[in-house]
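Structure assessment
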Amino acid sequence: MTQAEQEIRFQEKIDREIKIEPNDWMPDEYRQTLIRQISQHAHSEVVGMLPEGNWITRAPNLRRKAVLLAKVQDEAGHGLYLYSAVETLGTSREQTIDDLHSGKAKYSSIFNYPALTWADIGTIGWLVDGAAIMNQVALCRTSYGPYARAMVKICKEESFHQRQGYESLTKLCNGTPQQKAMAQDAMNRFWWPALMMFGPSDADSTHSDQSIKWKIKRFTNDELRQNFVDATVAQAEILGLTIPDPNLKWNEARGHYDFSEINWDEFWQVVKGNGPCNKERLAARVKAKEEGAWVREAASAFAKKRDMKKSA
Ligand code: FAQ
């Protein structure tokens, strides 16, 4: 079969909603797109542990600490499923992680913003996990089998994350005026970065057209961003928080909320490594790898010993 014939057969399979599995033939660009997106996603989960992890020792009570610990552990698990999904595409985990540490691979812009107060932790759960779910529910139907299956479990856990964040904010918003002000301040700082998580506008999205054709993506960046805004406004109203956008307004004709233009200059600055915490985040990951070298060495020495015993 020629390459062109293989490509036609591949697209037919996608159009018939048949999942692509690791040993199936796939165009190299499809493989590379998945490696790029899934590894970026895995790195985001792992780097995403840093702003929240910082607050585990400062959680206001034992219940909040237990919930936050569980959430941060979940993010580690998500990173691991996703690194495994990347491995099924023929790239080693070592290589994938080295690409993050060398600055070649990206991770979500949102994790380059600091978590300054306890209200930021609730807001990250509500808005950041909320935005992540909006994007990831669609990924449960992505065309690559291992990615789609990983997303089903991840979405269930992200849903708990979003709810715990909202519940934590509900307490703050019904607390003292200082607590309410702290929640509003977190909202002011996280609203726009949360909208940026969905990626550049459709006009500037380099990969969307092809990824939608291959059903890696089911919706465009702008469609998901709009759905997120539409779903979140009512939640903010219940909390009594103001969304920091003077142009946010229901548009009857469109059946959606209108909102202001995103500061794309800020978005690209953060993506290029110039956000408030980019250097700190990367340095923390590199340090973790160096300090964990002895664990990896001990684990592989143990595995070798066990294999030798088995074959003896
Ligand atoms: N940040 O052509 P597009 C989470 C890059 S998980 C940085 O539109 P695409 C859980 C993009 O890579 C959050 N870079 O790209 C959690 C590309 O650059 P390249 C992560 C971004 O892939 C919660 C260029 O811009 N979720 O939060 C961003 O078709 C709380 C052009 O963009 C995922 O990764 C960005 N925001 O669409 C953890 C979901 N956006 O590679 C802890 C999976 C775009 O050509 C605590 N990923 N870029 O140099 C996706 O769905 C897609 O990759 C998009 C981007 C939608 C993010």
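Here's what I pulled together on the structure shown here. The structure presented is a predicted model; accordingly, all values stated were derived computationally and were not measured.

**Considerations on the site of the ligand**
Every one of the 36 residues lining the ligand counts as a neighbour, but Lys106, Ser205, His207, Lys217 and Asn221 are closest to it. The side chain of serine 205 places a nitrogen or oxygen atom 2.7 Å from an oxygen atom of the ligand. Taking threonine 206, its main chain carries an N or O atom lying 2.9 Å from an oxygen atom of the ligand. Here the ligand, which alone exposes 1100 Å², has 92% of that area covered by the protein. Of all elements in the fold, only α2 (28-47), α4 (62-87), α6 (118-139), α7 (145-173) and α11 (264-274) reach the threshold of two or more residues within the shell around the ligand.

**Things to note about the nonpolar core**
Counting 47 residues, the largest nonpolar core has Trp126, Leu127, Met187, Trp191 and Phe228 as its most contacted members. Elements with a minimum of two residues in this core: α4, α6, α7, α8 (177-196), α10 (221-239) and α11. For this core, the leading source of residues is α8, giving nine residues. If sequence neighbours within four positions are ignored, methionine 187 has contacts with Thr123, Trp126, Leu127, Ala236, Leu241, Thr242, Ile243 and Pro244. Ranked by size, the runner-up nonpolar core spans 22 residues in total, among them Ile20, Leu34, Ala85 and Ile154.

**With respect to the packing of α7 against α10**
Between α7 and α10, whose axes approach to 10 Å, the crossing angle comes to 30°. With respect to each other, α7 and α10 are oriented roughly parallel. Judged by residue contacts, Gln162, Tyr166, Leu169, Thr170 and Cys173 of α7 engage Gln235, Ile238 and Leu239 from α10. Of the residues belonging to the contact of α7 with α10, the class tally is five nonpolar, three polar and no charged.

**Description of the pattern of salt bridges**
Across all of its chains, the model carries 20 salt bridges by this definition. Where lysine 215 meets glutamate 17, a salt bridge forms, and the shortest distance between an N and an O atom there is 2.9 Å. Pair noted here: lysine 215 is in the loop between α9 (208-213) and α10 and glutamate 17 is in the loop between α1 (3-15) and α2, with a separation of 198 residues, a long-range link. For arginine 254, the salt bridge goes to aspartate 258, with nearest N and O atoms at 2.9 Å. You can call arginine 254 partly exposed: its relative accessible area is 39%. Through salt bridges that share partners, Glu52, Lys71, Glu75 and Asp129 make up one connected network.

**What about the packing of aromatic side chains?**
Any pair of aromatic rings gets described here by the distance separating the centres and the angle formed by the planes. On inspection of all chains with the given rule, the structure shows 10 aromatic pairs. Judged by centre distance (4.9 Å) and plane angle (75°), the rings of phenylalanine 10 and tyrosine 30 are edge-to-face. Here the residue phenylalanine 10 occupies a position in helix α1, and tyrosine 30 occupies one in helix α2, the gap between them amounting to 20 residues. For phenylalanine 10, a relative accessible area of 3% translates into the label buried. Here tryptophan 264 and phenylalanine 267 contribute two aromatic rings whose centre-to-centre distance is 5.5 Å and whose plane-to-plane angle is 90°, an arrangement assigned as edge-to-face.

**Brief notes about the environment of isoleucine 35**
Tracing the sequence through the fold places isoleucine 35 in helix α2. For isoleucine 35 and tyrosine 83, which are 48 residues apart along the polypeptide, the C-alpha to C-alpha distance reads 9.6 Å. Apart from the residues lying within four places of it in its own chain, the contact partners of isoleucine 35 are Val86, Leu89 and Thr91.

**So, α8**
Along its 20 residues, α8 runs 29 Å from first to last C-alpha, staying within 8% of the 28 Å computed at 1.5 Å per residue. Residue phenylalanine 190 marks the point of greatest curvature in α8, where the axis turns by about 35°; the proline proline 193 follows within four residues. Residues of α8 that are buried make contact with α6, α7, α10 and α11.

**A short note on the packing of α2 against α4**
Where α2 meets α4, the closest approach of the two axes is 8 Å, and the angle between their N-to-C directions is 160°. Considering their axes alone, α2 and α4 lie roughly antiparallel with respect to each other. Remark: the crossing between α2 and α4 carries left-handed chirality. Here α2 contributes Ile35, Ile38, Ser39, His41, Ala42, His43, Glu45 and Val46 to the contact with α4, which in turn contributes Glu75, His78, Gly79, Leu82, Tyr83, Ala85 and Val86. Classifying every residue of the contact of α2 with α4 gives eight nonpolar, five polar and two charged.

Reading the values: rules and limits
- Residues numbered from 1 in each chain as written.
- Predicted model: local features only at pLDDT ≥ 70, side-chain atom pairs only at ≥ 80, totals over all residues.
- Heavy atoms only, no water.
- Near = heavy atom within 4 Å.
- Polar contact = N/O pair within 3.5 Å; in protein donor to acceptor, adjacent residues only side chain to side chain.
- Areas by Shrake-Rupley, 256 points an atom, 1.4 Å probe, with all protein chains shown as cover.
- Helix = DSSP H or I, 4+ residues; strand = E, 2+ residues; numbered from the N terminus.
- Core = buried A, V, L, I, M, F, W, Y, C linked by side-chain atoms within 4.5 Å.
- Buried < 20%, exposed > 50% of the residue type's maximum accessible area, 1.4 Å probe, protein only.
- Contact = heavy atoms within 4.5 Å.
- Axes fitted to C-alpha atoms, helices over the stretch in contact; angles between N-to-C directions.
- Parallel < 35°, antiparallel > 145°, perpendicular 65-115°, else oblique.
- Nonpolar A, V, L, I, M, F, W, Y, C, P; charged D, E, K, R; others polar.
- Salt bridge = Lys/Arg side-chain N within 4 Å of Asp/Glu carboxyl O.
- Phe/Tyr/Trp six-rings, centres within 6.5 Å; stacked < 30°, edge-to-face > 60°.
- Expected span 1.5 Å × (residues − 1).
- Bend = angle between axes of the 7 residues up to and from the residue.
- Left-handed = near helix turned anticlockwise from the far one by under 90°.

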